[in-house]
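For reference, the chains in residue letters:
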Amino acid sequence: MTYAITHTCCNDATCVAVCPVNCIHPTPEERAFGSTEMLHIDPRACIDCGACADACPVDAIFPVDSLSPGQREYADINAAYYEGAEPLRAEVEGPNFHVWGEPVFGRSLPSDFGPLRVAVVGTGPAGMYAAQDLLLHTAAEVTLIDRLPVAGGLVRYGVAPDHPATKKVGDTFSRFHSHPRVRMHLGIEVGRDVTAEELSAHHDAVIYAVGASTDRRLGAPGEETPGCLSATAFVAWYNAHPEAVAQCVDLSAERVVVVGNGNVALDVARILVADPEALAATDIAAHALDALRASRVREVVVLGRRGPEDAAYTRSELLALKHVPGVELVVDDHDPRTAAAIDAAGAGDRAGVLKGLARVRTDAPSPTGGERRIVLRFHSEVVEIRGEGGGVRSVRVTDGGGAADLGAGLLLRAIGYRGLPVPGLPFDEVSGTVPHEGGRVAGVPGSYVVGWIKRGPSGGIGANRTCAAETVGTLLADAVAGELPAPTGDAKAFRRLARQRNRRVVDARGLAAIDRAERDRGRRDGRPRVKLATVEELVATARSGRLLRLTR
């Protein structure tokens with residue numbers, strides 16, 4: 001029996017490091033690393049030790065014999081990656097399975113090098129991979145800062161609620177929240193409560209991991225019509241982001257149009273037609289669950305400007321979409337190029353996944369009764385969003401050489417994220433990133449970037465691990481070279497400053513109180529957790545939980 005990697009693979013390569021037979025590829029040392037959608041286990045070399053499954057932070061690795069019907073394709077996907085490659089053979093005689101490379105000490109520092117004090121702004125995957133690197137490989141003291149009163153970033157507010165395995169990477173990060181060399185200041189925003197200069201004055205270095213928090217626009221007439229939302233806002237709404245609780249999402253129409261064909265577009269389409277009772281077993285926001293239970297949506301049209309061969313979603317996410325219970329996945333057949341691309345696609349191509357799916361015309365009637373479906377429509381762009389009575393009523397799209405009207409009550413644009421300027425740092429308006437060299441912010445000594453604000457909105461959770469390694473490596477090289485500005489304030493002074501500027505700062509004890517409260521609420525409802533959805537609830541819970549512990 002061998003193991004296989006499935007669609008929740010985060011590509012952070014933790015499994016590669018523990019494999020005793022070197023059967024997981026591509027490895028971080030190989031050129032292909034980062035260019036594949038997932039890692040792959042060679043079934044000819046796997047020895048069934050299970051080390052990779054134990055190490056995987058997102059529960060993406062399973063014995064082939066235990067794969068569910070919806071996952072069995074991944075055994076073939078893993079094996080197909082190695083077709084034509086020479087099978088792995090023993091490279092040495094003796095107890096070793098293969099030749100191990102020379103030890104590499106990427107974080108080697110002089111023996112007399114004192115501990116650095118580093119602030120990390122942002123507690124999502126990019127920031128936490130950077131903090132983890134510093135804490136595990138140096139004696140650094142880390143200050144974790146987030147503008148929200150709760151940690152998690154993308155893991156808490158970006159991952160779809162029906163992907164609980166992906167959310168488990170948050171458990172890996174949360175063990176560092178209470179690390180003895182970590183100080184946490186949640187609810188502090190750089191540029192509002194403290195300046196970048198003040199942050200630098202109290203730390204040897206500052207790493208900004210603030211992500212890409214806004215979205216790109218369509219530029220089509222009618223885009224300001226109520227009911228035309230960004231996927232960013234919709235995802236925040238169903239994930240209980242404090243800034244999206246009041247968002248009004250109208251689910252009274254039978255059809256929704258989602259513009260874009262990346263993984264986020266598939267996420268929002270799936271949530272819109274998923275069985276609400278299945279979602280009730282997740283950590284989806286309570287207000288979103290209520291709205292989805294009352295929803296009249298029966299069809300989601302996912303609109304792609306290019307053809308199925310050029311779609312931005314991963315093959316693994318598309319495969320998962322084919323197995324959503326009670327939801328039919330079909331292809332819009334309005335353009336002959338779509339069918340030609342699907343028919344010509346190989347088994348390992350994205351378009352090849354669409355073989356065997358029903359082909360329909362979007363102007364056909366929507367499903368009736370309890371039927372639900374997702375329609376993938378390629379070679380089509382939005383021409384105009386038309387409103388009526390204060391909301392979206394139809395979306396005019398290109399249709400071959402002409403245009404067609406799709407009746408819809410909601411339009412979600414999922415055409416990419418974009419970073420916002422960080423006060424006090426340079427900003428590239430074209431790319432939406434902070435200019436840098438290996439993570440070092442251009443012209444601002446002691447300041448560094450990691451994640452999407454560094455490289456743009458590309459790569460999943462695991463991509464941040466190598467990204468953070470590069471940034472931390474640059475930071476440490478600067479420290480050894482004596483190029484970091486000396487701070488003028490210490491940790492206590494920064495704590496006083498932060499609390500003077502914002503009396504509602506949440507620390508590690510407060511965060512633990514929030515976590516306990518949400519899990520307690522979840523147990524009462526048979527759910528993993530019920531999220532606190534407003535800043536006021538989060539802060540009040542953090543304070544009450546902390547006071548309770550202090551009085552015991």
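So, here's what we can say about the structure. This one's a predicted model, so the numbers in the text were calculated from it and none came from an experiment. (Residues numbered from 1 in each chain as written. Predicted model: local features only at pLDDT ≥ 70, side-chain atom pairs only at ≥ 80, totals over all residues. Heavy atoms only, no water.)

**Overview of the environment of D54**
Rules: Under the DSSP-based scheme used, a helix requires at least four consecutive residues in state H or I and a strand at least two consecutive residues in state E, with every element numbered from the N terminus. Categorising residues by exposure relies on relative accessible area from a 1.4 Å probe, with only protein chains included: less than 20% of the type maximum marks a residue as buried, more than 50% marks it as exposed, and the intermediate range marks it as partly exposed.
Structurally, the position occupied by D54 is in helix α2 (residues 51–55). For D54, a relative accessible area of 70% corresponds to the exposed category. When the C-alpha positions of D54 and P435 are compared, they lie 38 Å apart, and in sequence the two are 381 residues distant.

**Details of helix α17 (residues 491–501)**
Rules: Each C-beta atom gives one direction from the helix axis, and the arc is the one those directions make.
Among all positions of α17, only A493, F494, L497 and A498 are buried. Down the axis of α17, the buried side of the element spans an arc of 135°, and every buried residue falls inside it. Relative to its buried face, α17 has exposed residues pointing more than 90 degrees away, namely K492, R496 and Q500.

**A short note on the sheet that holds strand β16 (residues 382–387)**
Convention followed: At least two DSSP bridges between two strands are needed for those strands to be called paired. For helices, the axis comes from a line fit to the C-alpha atoms of the stretch in contact; other axes are also lines fit to C-alpha atoms, and the angle between any two N-to-C directions lies between 0 and 180 degrees.
Pairing is antiparallel in the open sheet, where three strands are placed in the order β16-β17-β18. Only two strands of the sheet have a single neighbouring strand rather than two, namely β16 and β18 (402–407). Recorded for the sheet is a direction-independent mean angle of 25° between the axes of neighbouring strands. Of the pairings in the sheet, the one linking strand β17 (residues 392–399) to β18 comprises six bridges and is antiparallel in character. Its bridge partner being in β18, S394 is matched across the sheet by G407.

**Let's talk about the nonpolar core**
To keep things clear, this is the line we draw: The term nonpolar core refers to a set of buried residues drawn from Ala, Val, Leu, Ile, Met, Phe, Trp, Tyr and Cys, joined through side-chain atoms within 4.5 Å.
Within the largest apolar cluster, 120 residues are counted, with the highest numbers of intra-cluster contacts made by I24, I207, Y238 and L376. If you look at the next biggest cluster of nonpolar residues, it comprises 21 residues, including V194, V206, V434 and I453.

**Looking at the packing of aromatic side chains**
So the rule is basically this: The rule is short: rings of Phe, Tyr and Trp, with Trp giving its six-membered ring, pair when the centres are within 6.5 Å, and they are stacked under 30 degrees, edge-to-face over 60, tilted in between.
Considering all chains together, one arrives at five aromatic pairs under this definition. A ring pair is formed by Y129 and F173, whose centres lie 5.0 Å apart and whose planes are at 85°; its orientation type is edge-to-face. Here the residue Y129 occupies a position in helix α4 (residues 125–137), and F173 occupies one in helix α7 (residues 169–174), the gap between them amounting to 44 residues. Judged by relative accessible area, which is 4%, F173 ranks as buried. In this structure an aromatic cluster arises from ring pairing among F234, W237 and Y238.

**Regarding the sheet that holds strand β12 (residues 299–303)**
Selection criterion: What makes two residues a contact is simply this: any of their non-hydrogen atoms within 4.5 Å.
Strand order in the open sheet formed by seven strands is β10-β19-β11-β12-β15-β13-β14, with parallel pairing between adjacent strands. Strands at the two margins of the open sheet, each flanked by one partner only, are β10 (228–230) and β14 (359–360). Here strand β13 (residues 327–332) pairs with β14 via two bridges, running parallel. Residue pairing for β14: V331 is matched across the bridge by R359. Against the sheet, helix α9 (residues 231–238) makes contact with β10 and β19 (410–413), and its axis sits at roughly 75° relative to β10, the strand it touches most.

**Some remarks on the side chain of R372**
What counts is decided by this rule: Under this rule, positive means Lys or Arg and negative means Asp or Glu; His and the chain ends count for nothing. By convention in these notes, a salt bridge is any Lys or Arg side-chain nitrogen within 4 Å of a carboxyl oxygen on Asp or Glu. Any pair of nitrogen or oxygen atoms within 3.5 Å is treated as a polar contact; in protein, a donor-acceptor pairing is required on top of that, and neighbouring residues in sequence qualify only through side-chain atoms on both sides.
Looking at where R372 falls in the secondary structure, it is placed in strand β15 (residues 372–377). An unpaired buried charge is present at R372: no salt bridge exists, and D275, the closest side chain of opposite charge, is 5.6 Å distant. Of note is the side chain of R372, whose polar atom sits 2.3 Å from the backbone oxygen of V273.

**Some details on empty space enclosed by the protein**
Where empty space is left can be seen by rolling a probe of water-molecule size over the atoms. In plain terms, the rule: Of the grid points, spaced at 1 Å and generated over the protein atoms alone, those admitting a 1.4 Å probe that cannot get out make up cavities, while open sets with protein on both sides within 12 Å along at least five of seven lines make up pockets; any residue with an atom within 4 Å of a point is treated as lining. Grid points are joined across faces, edges and corners, and a volume is the space filled by probe spheres set on the points. Note on residue classes: Ala, Val, Leu, Ile, Met, Phe, Trp, Tyr, Cys and Pro are nonpolar, Asp, Glu, Lys and Arg are charged, and everything else, Gly too, is polar.
Enumeration according to the criterion identifies two cavities of 30 Å³ or more in this entry. Computed from the structure, the largest cavity encloses a volume of approximately 70 Å³. If you trace the largest cavity, you find 13 residues lining it, with C9, C10, D12, C15 and C56 closest to the centre. Residues belonging to the lining of the largest cavity are distributed by class as follows: 11 nonpolar, one polar and one charged. There is about 60 Å³ of room inside the second largest cavity. Around the second largest cavity, the lining residues are Y3, C19, V21, C23, I24, I41, C46, I47, C49, G50 and C52.

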